[in-house]
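Residue-level listing of the chains:
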Amino acid sequence: MTTRTPEQIFHDHGQALGSGDLDRISANYAEDAVFVTPSGVLRGREGVKRGIGALLGDLPDAAWELKPQFADDVLFLEWSAATAHARVEDGVDTFVFRDGLIQAQTVRYTLVAEEG
């Protein structure tokens, strides 16, 4: 059995996010994954679907900018995103990888409505 590297998992995760396919996105997470958001802790792949679905709902058709920094089985990700109506400030995620999947993720960001 070949285990995917954190870089490979993150690459697939990014492609899945671009498609908006929540089933494909959640397949990159362990069954017992922990997803920590500003509003609380979500558990399992269903929790991941709810958390990421809410983020994608806030940022439809966003232009994303990602700055990943890998350290063994951990990824620190600074990011921003913008749409015609909103932008993200201070987006920061931390991912923990285990056995070819995302085991845990923390998400923090501030969503700012664009005036106009």
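- As recorded by an unreviewed UniProt entry, the protein carries the name Nuclear transport factor 2 family protein and is attributed to Streptomyces rhizosphaericus.

1. Here we look at the packing of aromatic side chains
Now for step 1: A complete count under the given rule lists six aromatic pairs for this structure.
Now for step 2: Here Tyr29 and Phe35 contribute two aromatic rings whose centre-to-centre distance is 6.4 Å and whose plane-to-plane angle is 75°, an arrangement assigned as edge-to-face. Neither residue differs from the other here; Tyr29 and Phe35 are each classed as buried.
Now for step 3: Among the aromatic residues, ring-to-ring pairing joins Phe10, Phe70, Phe95 and Phe97 into one connected group.

2. Some thoughts on the layout of surface pockets
It is a probe the size of a water molecule, rolled over the atoms, that shows where empty space is left.
Now for step 1: For the largest pocket, the calculated volume is near 220 Å³.
Now for step 2: Secondary-structure elements contributing two or more residues to the lining of the largest pocket are α1 (6–19), α3 (44–58), β3 (63–71), β4 (74–82), β5 (86–98) and β6 (101–113).
Now for step 3: Element by element, the count of residues in the lining of the largest pocket is highest for α1, at five residues.
Now for step 4: Here the lining of the largest pocket is built from residues that sort into 11 nonpolar, four polar and one charged.
Now for step 5: For the second largest pocket, the calculated volume is near 170 Å³.
Now for step 6: Every residue along the wall of the second largest pocket is listed here: Phe35, Thr37, Pro38, Ser39, Leu42, Arg50, Gly51, Ala54, Leu55, Val107 and Tyr109.
Now for step 7: For the lining of the second largest pocket, the elements supplying multiple residues, two or more each, are β1 (29–37), α3 and β6.
Now for step 8: Looking at side-chain class alone, the lining of the second largest pocket contains seven nonpolar, three polar and one charged residues.

3. Considering α3
Now for step 1: Given a rise of 1.5 Å per residue, 15 residues ought to cover 21 Å, and the 22 Å separating the end C-alpha atoms of α3 matches this to within 8%.
Now for step 2: Looking at α3, one finds that the buried residues are Gly44, Gly47, Val48, Lys49, Gly51, Ile52, Leu55 and Leu56.

4. Some thoughts on the UniProt feature "domain: SnoaL-like" (unreviewed entry) in the protein
Now for step 1: According to UniProt, the feature "domain: SnoaL-like" (unreviewed entry) maps to residues 15–103 in the numbering used here.
Now for step 2: Within residues 15–103, the helical portion is 28% and the strand portion 53%, while the C-alpha atoms at the span's ends are 19 Å from each other.

5. What about unusual backbone geometry?
Now for step 1: Unusually for a residue other than glycine, Asp61 sits at a positive phi of about 55°.
Now for step 2: Relative accessible area serves as the criterion here: at 81%, Asp61 is assigned to the exposed category.
Now for step 3: Its identity is not glycine, yet Asp72 carries a phi of approximately 55°, on the positive side.
Now for step 4: On the basis of relative accessibility, which here comes to 72%, the residue Asp72 falls in the exposed class.

6. Observations regarding the pattern of salt bridges
Once the charged atoms of two side chains with opposite charge are near each other, the side chains can pair.
Now for step 1: Tallying each qualifying case throughout the model produces 10 salt bridges.
Now for step 2: With a shortest N-O distance of 3.2 Å, Arg24 and Asp12 are connected by a salt bridge. With a gap of 12 residues between them, Arg24 in helix α2 (residues 22–26) and Asp12 in helix α1 connect regions that are remote in the sequence.
Now for step 3: Overall, the relative accessible area of 32% leaves Arg24 in the partly exposed class.
Now for step 4: Several salt bridges converge on common partners, so that one network encompasses Arg4, Asp12 and Arg24.

Here is what the cut-offs are and how they apply
Residues numbered from 1 in each chain as written. Predicted model: local features only at pLDDT ≥ 70, side-chain atom pairs only at ≥ 80, totals over all residues. Heavy atoms only, no water. Phe/Tyr/Trp six-rings, centres within 6.5 Å; stacked < 30°, edge-to-face > 60°. Buried < 20%, exposed > 50% of the residue type's maximum accessible area, 1.4 Å probe, protein only. 1 Å grid on protein atoms, 1.4 Å probe; cavity = no way out; pocket = protein on both sides within 12 Å on 5 of 7 lines; lining within 4 Å. Points joined across faces, edges and corners; volume = space filled by probe spheres on them. Helix = DSSP H or I, 4+ residues; strand = E, 2+ residues; numbered from the N terminus. Nonpolar A, V, L, I, M, F, W, Y, C, P; charged D, E, K, R; others polar. Expected span 1.5 Å × (residues − 1). UniProt positions renumbered as here; feature names shortened; annotations may be inferred. Salt bridge = Lys/Arg side-chain N within 4 Å of Asp/Glu carboxyl O.

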